[in-house]
Amino acid sequence: MKSHYQLAIIGAGPAGMAAAAEAAAFGAASVVFDEQPAPGGQIYRAVETPAAVDRAVFGPDYWHGSKLTKTLRDSGADYVPGATVWQVSPTREIGVTVDGSAMLLTADQVIVATGALERPFPVPGWTLPSVMTAGSAQVLLKSAALAADGAVFAGTGPLLYLVVWQYLQAGVAVKAVLDTTPRSNYFRAARHLAGALRAPQYLIKGIQLLRGINKAGVPLIRGVTDLRMLGEDAVSAVEYQRGGDWQRIEADQVFLHQGVVPNVNLSYSIGCGHTWNEAQLCWQAITDLWGESTVEGIAIAGDGAGINGALAAEHQGRIAGLGALYRIGTIGAHERDRRAAPARAGLTAERRIRPFLETLYRPVKCFRVPPHDETVVCRCEEVNVTAIRKAVAVGCVGPNQLKSFSRCGMGPCQGRLCGLTVSELIADLTDLPVSEIGYYRLRPPIKPLLLEELAELQAPAAME
Amino acid sequence: MFTKVGDGDRDLVKVIFEDKEIMAPPGQSVAAVLLAEGIRSCRETPVSGEPRGPYCMMGICFECLVVIDGEPNQQACMRTVREGMLIKRQHGVAQIGPDAKAESDPAE
Amino acid sequence: MVRTADAVVIGGGIHGCSCAVHLARRGISVVVVEKDYVARHASGVNAGGVRRLGRALPEIPLSVAAMGLWHNIGELVDDDCEFVPSAQVRVAENEDEARALEERVRLVRDAGFDHEVVIGPEELRELLPAVSPHCVGGMVVSDDGHANPYRTTMAFKRKAELLGVRILEQVCVLGIDRRQGTWRIETSADPLQTPVLINCAGAWGDHIAAMLGEPVPLRAYAPMLMITARMPFFVKPVVGAQGRTLSLKQFANGTVLIGGGVRGNAVRNTNTASLELGGLAGNARTAAQILPTMRGARIVRCWGGIEGYMPDGIPVIGPSQQEGAFHAFGFSAHGFQLGPIVGSIIADLVTTGVTEYPIGPFRIDRFDSSPQRQSNALT
């Protein structure tokens with residue numbers, strides 16, 4: 001690793017890998033930092049060394065990732081796995097920990113490709129052991145060939161159905177799918193059907209997934225309007241409300257999911273401008289045509305700048321990579337535009353399905369703004385809805401004040417699992433738009449940093 | 001309860017969770033290995049002491065904190081198992097400092 | 001034009017809100033204007049230290065009086081402000097530092113105050129078992145403490161409102177003009193009219209002072225703080241160091257706050273406080289060297305608040321050279337503890353024209369021909 005790079009890319013998912021490939025093609029001195037032990041991001045997790053499971057389980061979309069990881073490996077960029085980037089300053093000073101030691105380096109350009117995370121799903125009992133996310137089920141399947149027999153899946157969104165389908169392909173029994181997609185979403189989504197039909201592959205895939213789930217005889221319970229997880233030391237049952245009645249299913253494993261949202265911790269901590277995306281119900285970094293954020297020299301590529309999916313992320317990575325090369329001075333405007341053209345066309349095509357998906361799988365309010373007093377919002381500091389209501393009642397005007405009032409968002413996850421809920425909950429309680437409530441002010445380190453590492457931090461000059 | 005859906009792994013490594021020996025496939029995360037053993041919770045929270053287990057499996061939720069080779073606050077989903085790794089539950093507030101390490105490190 | 005209030009306070013930090021409380025208690029009607037929201041800057045995000053320990057000599061009488069109010073803070077603002085009485089200790093790491101502390105305590109005693117006490121190595125270890133073996137002694141104040149700064153400032157705000165004070169948030173002062181004994185304050189909302197104007201604008205205090213024709217060499221910085229994940233209890237007093245910048249305290253929830261005034265950069269017009277990693281690393285080193293247990297602490301968050309510093313490190317408190325105007329700003333990163341008393345002093349000045357406290361050293365005109373003023377003008 002060097003103390004200075006022309007381009008530093010944070011994240012080795014589709015966007016980061018594609019950006020690295022572009023940069024390396026022009027010989028720019030580049031580095032890719034990624035927290036996982038192998039490239040691929042969450043979507044192509046463990047694609048180089050998949051668990052010993054029948055290839056068909058994951059489907060061809062997954063295996064597309066191995067092309068990208070190979071490109072990254074061959075690119076000539078320094079690829080640093082197991083690297084936790086805990087700060088990027090607006091002047092592009094990067095603090096990273098590898099193998100337990102922290103260091104600082106600098107870059108002319110930075111591309112943040114930190115992807116997405118699953119939207120919080122605050123329901124009573126969601127902190128019980130063995131209540132996990134659908135994404136975690138997929139990670140365990142991809143990286144460890146582990147699956148939970150007889151699990152209940154609950155929520156909404158393409159990933160939920162995909163993981164259920166993958167479980168079924170792997171021969172694992174699924175006890176039930178509790179679908180929280182409100183019926184009204186279907187009617188609203190129908191308006192976007194024409195656009196979606198211009199990207200029929202996604203519709204066909206979706207229909208195949210649902211047909212597969214039906215064919216396997218998994219109870220698909222639609223119209224679920226409320227959920228709670230029950231158990232003492234771990235989850236033992238799920239209760240759900242449908243048509244006004246509560247039903248109970250015994251289950252020792254539950255997977256929740258209601259869509260993915262941009263992972264904004266790094267971009268916020270850099271000081272990049274963000275905006276509330278009402279269609280996707282999330283905060284996202286503001287970017288220009290080349291993915292550059294409001295902070296000069298910092299670009300955001302992939303789902304971090306709004307959810308568009310893995311293939312779109314790849315195009316965005318290329319575009320951001322070309323933008324960075326142009327700003328470095330490696331390529332001219334003409335070369336940049338020419339090479340970006342196919343990626344732009346690809347991105348446009350990938351985005352056609354989004355309005356349909358965003359409308360159909362828009363999570364219903366009661367699962368975003370928890371109505372039950374006892375529901376834990378901040379898992380780290382165990383702050384529940386009642387505590388937040390009380391704080392707002394005595395004049396707490398936003399997420400940052402809430403921290404002082406209640407320690408909400410002050411734990412090690414640094415708001416990743418409560419930030420969206422808190423923004424929307426305060427907006428609801430104060431009757432103000434979420435965009436006015438704002439988000440946590442995030443500051444480095446964006447991941448807990450051992451004091452010893454900080455104390456022994458080497459400045460770039462001393463690292464040579 | 002998680003079970004293996006693929007072929008069996010070879011060249012297993014031995015790790016110890018609390019007092020239990022576990023043969024684990026190399027390259028896997030500590031969290032995956034614990035879940036495969038039927039260990040559902042790995043810590044108690046410092047606030048109320050309630051049990052928690054892995055949640056996101058991608059390093060963001062900090063629910064799967066354990067003590068590894070005497071080092072507290074380790075994300076089990078982000079650490080890969082190694083031969084001889086000593087894993088302990090994290091009870092409430094992580095003990096830190098030289099005493100905590102000596103207690104759980106057999107080498108000392 | 002109709003008078004808005006008997007007094008208008010500019011700035012909704014702890015000093016502005018404290019002025020409002022004390023004035024309202026004396027029967028004065030008050031409006032507070034705040035450009036952001038109450039406790040947004042240094043008042044809400046400081047380390048929360050409530051200390052007399054190591055104060056600059058001119059501040060000691062005020063600090064001692066403030067401490068009396070802190071120990072009964074609930075009576076003043078109907079809220080405990082999470083004030084926790086505790087010892088504050090300043091550690092000496094070598095004999096030279098220990099001698100300097102002895103000298104300091106003698107100086108303070110000569111001034112008539114006996115709250116600071118020198119302790120030797122055994123007493124230091126008794127008070128602070130986790131201290132590194134190389135530390136040789138220290139200086140202690142046994143009944144200082146710490147409080148929650150945001151909650152405290154909000155408590156002053158709520159108390160002020162309860163006493164009838166109007167607080168206008170997100171209203172920015174744009175200009176000040178005096179006509180026939182009345183201040184006309186142009187703001188981003190409606191203009192305000194008042195016979196009494198009080199500048200509690202903190203890091204922006206120089207802007208208001210300049211509008212009154214009293215430019216001062218204030219510099220804004222962002223003192224930086226770090227907080228750890230919860231840790232087992234290992235330190236009771238608030239810990240500082242004689243030879244280095246440090247202020248470290250452990251809260252009831254087990255988290256440890258590390259600060260002490262290492263400065264990051266502040267950009268006032270965008271409300272941006274940026275962190276300076278070298279300074280934080282230095283602070284971390286100091287913490288780890290004085291309390292080795294801290295090596296294993298996990299830093300979960302660092303932040304900075306925008307604060308105004310005066311060249312001589314003490315605030316501006318007292319009447320303006322203009323009639324009907326008063327200042328209390330530029331607290332140079334140690335104003336939180338003084339908040340409860342400064343409001344009282346200003347209220348006395350407004351209502352009676354005098355105060356029992358020696359505020360001469362805090363005059364606004366002290367910079368007029370000082371070398372700092374000259375050098376500041378050049379930078």
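Residues numbered from 1 in each chain as written. Chains lettered and ligands numbered in written order. Predicted model: local features only at pLDDT ≥ 70, side-chain atom pairs only at ≥ 80, totals over all residues. Heavy atoms only, no water.

Quick word on unusual backbone geometry
Here is step 1: In the segment running from Pro444(A) into Pro445(A), the intervening peptide bond is cis, with an omega of -5°.
Here is step 2: You can see Pro445(A) is positioned in the loop between helix H16 (434-437) and strand S23 (449-450).
Here is step 3: Positive phi outside glycine occurs at Asn73(B), with the angle close to 60°.
Here is step 4: Looking at the secondary structure, you find Asn73(B) in strand S7 (residues 71-75).
Here is step 5: The phi torsion at Cys81(C) lies on the positive side, around 55°, for a residue other than glycine.
Here is step 6: Along the chain, Cys81(C) falls in the loop between helix H4 (73-77) and strand S4 (84-92). (Helix = DSSP H or I, 4+ residues; strand = E, 2+ residues; numbered from the N terminus.)

Topic: the pattern of salt bridges
Here is step 1: The final tally for this structure, using the stated rule, is 48 salt bridges over all chains.
Here is step 2: Put simply, Asp79(C) and Arg158(C) hold a salt bridge, and the shortest N to O gap is 3.3 Å. Of this pair, Asp79(C) sits in the loop between H4 and S4 while Arg158(C) is found in helix H7 (residues 149-162), placing the two residues 79 residues apart along the sequence.
Here is step 3: When salt bridges that share partners are traced, they join Arg379(A), Arg43(B), Glu50(B), Arg52(B) and Glu63(B) into one network. (Salt bridge = Lys/Arg side-chain N within 4 Å of Asp/Glu carboxyl O.)

Observations regarding the interface of chain B and chain A
How big an interface is tends to be stated in terms of the accessible area lost upon association of its parts.
Here is step 1: Between chain B and chain A, the residue contacts involve 34 residues of the former and 47 residues of the latter.
Here is step 2: Across the chain B to chain A interface the summed buried area is about 3400 Å²; carbon plus sulfur atoms make up 59%.
Here is step 3: Together, Phe2(B), Arg40(B) and Tyr55(B) form the three largest contributors to the area buried by chain B at its contact with chain A, with a combined 24%.
Here is step 4: Here chain B is connected to chain A by one salt bridge.
Here is step 5: Note that Glu63(B) and Arg379(A) form a salt bridge whose closest N and O atoms lie 2.6 Å from each other.
Here is step 6: Applying the counting rule to chain B against chain A returns 16 residue pairs in polar contact (both at pLDDT 80 or more).
Here is step 7: Among the residues making up the side of chain B that touches chain A, the classes are represented as 18 nonpolar, 10 polar and six charged.
Here is step 8: As defined by bridge partners, strand S9 (residues 146-148) of chain A adjoins strand S1 (residues 2-4) of chain B across three bridges and the pair is classed as antiparallel. The partner of Ala148(A) across the bridge, within S1(B), is Phe2(B). (Contact = heavy atoms within 4.5 Å. Buried area = accessible area lost by both parts, 1.4 Å probe. Polar contact = N/O pair within 3.5 Å; in protein donor to acceptor, adjacent residues only side chain to side chain. Nonpolar A, V, L, I, M, F, W, Y, C, P; charged D, E, K, R; others polar. Pairing = 2+ DSSP bridges.)

So, the side chain of Arg184(C)
Here is step 1: Topologically, Arg184(C) is positioned in strand S9 (residues 182-187).
Here is step 2: Polar contacts involving the side chain of Arg184(C) include one to the side chain of Glu186(C), which spans 2.7 Å.

Looking at the confidence of the model for chain A
Here is step 1: A residue-level look at chain A finds 98% of positions with pLDDT of 70 or above and a mean pLDDT of 94.
Here is step 2: Note that residues 460-464 of chain A has pLDDT below 50 and, in this model, 10 contacts with residues that lie over four places away or in other chains. (pLDDT = per-residue confidence, 0-100.)

A few points about the sheet that holds strand S7 (residues 166-168) of chain C
Residue and element names in this part refer to chain C.
Here is step 1: Read across the sheet, six strands follow the order S7-S2-S1-S11-S21-S20 without closing on themselves; strand pairing throughout is mixed. Only two strands of the sheet have a single partner each, and these edge strands are S7 and strand S20 (316-319). With strand direction ignored, the average angle separating the axes of adjacent strands in the sheet is 15°.
Here is step 2: Sheet topology note: the S20/strand S21 (residues 325-329) ladder contains four bridges and is antiparallel. What sits directly across from Val 316, in S21, is Phe 329. (Axes fitted to C-alpha atoms, helices over the stretch in contact; angles between N-to-C directions.)

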